Amino acid sequence: MEYVTTWFYDVLSFFGLYYKDAKVLFLGLDGAGKTTLLKVLKNGKVDKMAEPTTHAGKEELVYGSLKIEAHDLGGHAGVRRGWKEFFFDVDGVIFIVDSVDRDRFPEAKAALDGLLGSERLASVPFLVLGNKIDVPSSAGDAELRAGIGLMETTGTDPEATKSTGVRPIELFLVSITKKTNIKPAFDWLSAYLKRQVPGASH
Ligand code: GDP
Ligand code: MG
């Protein structure tokens, strides 16, 4: 699909232009869709053979100066000590939730709470993706927000929230496999990343 490839290269060239060694993390429970999103970005299409990740660990995609790292999180204890080593020098976090798997909303909430409470990520923009909305039984906006404890978010207008000093965080309901609503979500993140770069207008 040309469309997907186009927006992705727009995002990548954006990072490449304004950043040295930009680092974006894809985080979420296993099964949320991190590997699938990496594949979409890497190939510009969905690999129909994609299987859920069965091993905890790190996946990486490097494009120019942009590095994307995907990590499986999990466990009710929230963000464990060992994960914090990944949190150095992070420019943005994309936290993905399976909006169909209601049983694991509490686990996803614990992981998200842990991340939001991490000092090293204190000023990092968070793009939260409620994934798999192509499934009819998926949770809607209100149910998902309640499930993961994300009632108040930044909103989609960077100008309106510029001076609040609050960490940018917003929820988008998406389908990674159907590519629904992915572009607005990345546009949102890009807008906040852009504003954080000193001297970006030079
Ligand atoms: P990860 O553990 O976070 O890396 O999750 P994966 O990317 O391996 O995805 C887990 C499963 O969810 C796989 O079977 C994917 O095909 C499926 N999946 C990912 N995104 C979507 C989506 O948007 N809709 C649906 N229906 N399934 C998806
Ligand atoms: Mg995976």
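Note that the coordinates shown come from a computational prediction; the quantities given were computed from them, not determined experimentally.

What counts, and at which threshold
Residues numbered from 1 in each chain as written. Chains lettered and ligands numbered in written order. Predicted model: local features only at pLDDT ≥ 70, side-chain atom pairs only at ≥ 80, totals over all residues. Heavy atoms only, no water. Near = heavy atom within 4 Å. Polar contact = N/O pair within 3.5 Å; in protein donor to acceptor, adjacent residues only side chain to side chain. Areas by Shrake-Rupley, 256 points an atom, 1.4 Å probe, with all protein chains shown as cover. Nonpolar A, V, L, I, M, F, W, Y, C, P; charged D, E, K, R; others polar. Phe/Tyr/Trp six-rings, centres within 6.5 Å; stacked < 30°, edge-to-face > 60°. Lys NZ or Arg CZ within 6 Å of the ring centre and 35° of its normal. Salt bridge = Lys/Arg side-chain N within 4 Å of Asp/Glu carboxyl O. Helix = DSSP H or I, 4+ residues; strand = E, 2+ residues; numbered from the N terminus. Buried < 20%, exposed > 50% of the residue type's maximum accessible area, 1.4 Å probe, protein only. Pairing = 2+ DSSP bridges. Axes fitted to C-alpha atoms, helices over the stretch in contact; angles between N-to-C directions. Contact = heavy atoms within 4.5 Å.

Moving on: the site of ligand 1. Residues in close proximity to ligand 1 total 19 residues, the closest being Gly 31, Lys 34, Thr 35, Thr 36 and Asp 134. Side-chain polar atom of Thr 36 to an oxygen atom of ligand 1: 2.6 Å apart, as the coordinates give it. Note that an oxygen atom of ligand 1 is positioned 3.0 Å from one of the side-chain N or O atoms of Asn 131. Burial of ligand 1 by the surrounding chains reaches 86%, relative to a free accessible area of 580 Å². For the shell around ligand 1, a count of residues per class yields five nonpolar, eight polar and six charged.

For the rest of this paragraph, the subject is the packing of aromatic side chains. In this description, an aromatic ring pair is defined by two values, namely the gap between the centres and the angle between the planes. Counted under the stated rule, the structure contains one aromatic pair. Sitting over the ring of Phe 88, Arg 120 keeps its end group 3.9 Å from the ring centre.

Per the stated rule, a full pass over the model turns up 10 salt bridges. Between Arg 145 and Asp 141 there is a salt bridge whose closest N-O contact spans 2.8 Å. Of this pair, Arg 145 and Asp 141 both sit in helix α4 (residues 141-148), four residues apart, which is roughly one turn of the helix. Looking at Asp 141, the relative accessible area reads 34%, which means it is partly exposed. The network of salt bridges with common partners includes Asp 30, Arg 104 and Glu 107.

Before going further, it helps to examine the pairing of strand β6 (residues 169-173). The buried fraction of β6 amounts to five of the five residues, a majority that puts the element mostly inside the structure. The alternating pattern of β6 places Ile 169, Leu 171 and Leu 173 on one face and Glu 170 and Phe 172 on the opposite face, and all of these are buried. With five bridges joining them, strand β5 (residues 126-131) and β6 adopt parallel strand pairing. Paired with Leu 127 across the strands is Glu 170, a residue of β6.

Strands sit in the order β2-β3-β1-β4-β5-β6 across an open sheet of six strands; the sheet is mixed. Edge strands, defined here as strands with exactly one partner in the open sheet, are β2 (58-63) and β6. On average, adjacent strands in this sheet sit at an angle of 20° to one another, irrespective of strand direction. Direction of pairing for strand β1 (residues 22-29) relative to strand β3 (residues 66-73): parallel, over a ladder of eight bridges. Within the sheet, the bridge partner assigned to Leu 25 lies in β3 and is Glu 69. Of the strands in this sheet, β1, β2, β3, β4 (92-98) and β5 touch helix α2 (residues 34-43), which is tilted by about 140° from β1. The strands that helix α3 (residues 105-116) touches are β1, β3, β4, β5 and β6; relative to β4, the one it contacts most, it runs at about 170°.

Next up on the list: the packing of α3 against α4. Two measures define how a pair of helices packs: the angle their axes make with one another and the distance between the axes. Where α3 contacts α4, the axes come no closer than 7 Å and their chain directions differ by 60°. On α4, the residues touching Phe 105, Pro 106, Ala 108, Lys 109 and Leu 112 of α3 are Leu 144, Gly 147 and Ile 148. A class-by-class count of the residues in the contact of α3 with α4 yields six nonpolar, one polar and one charged.

None of this, on its own, says anything about what the molecule does.
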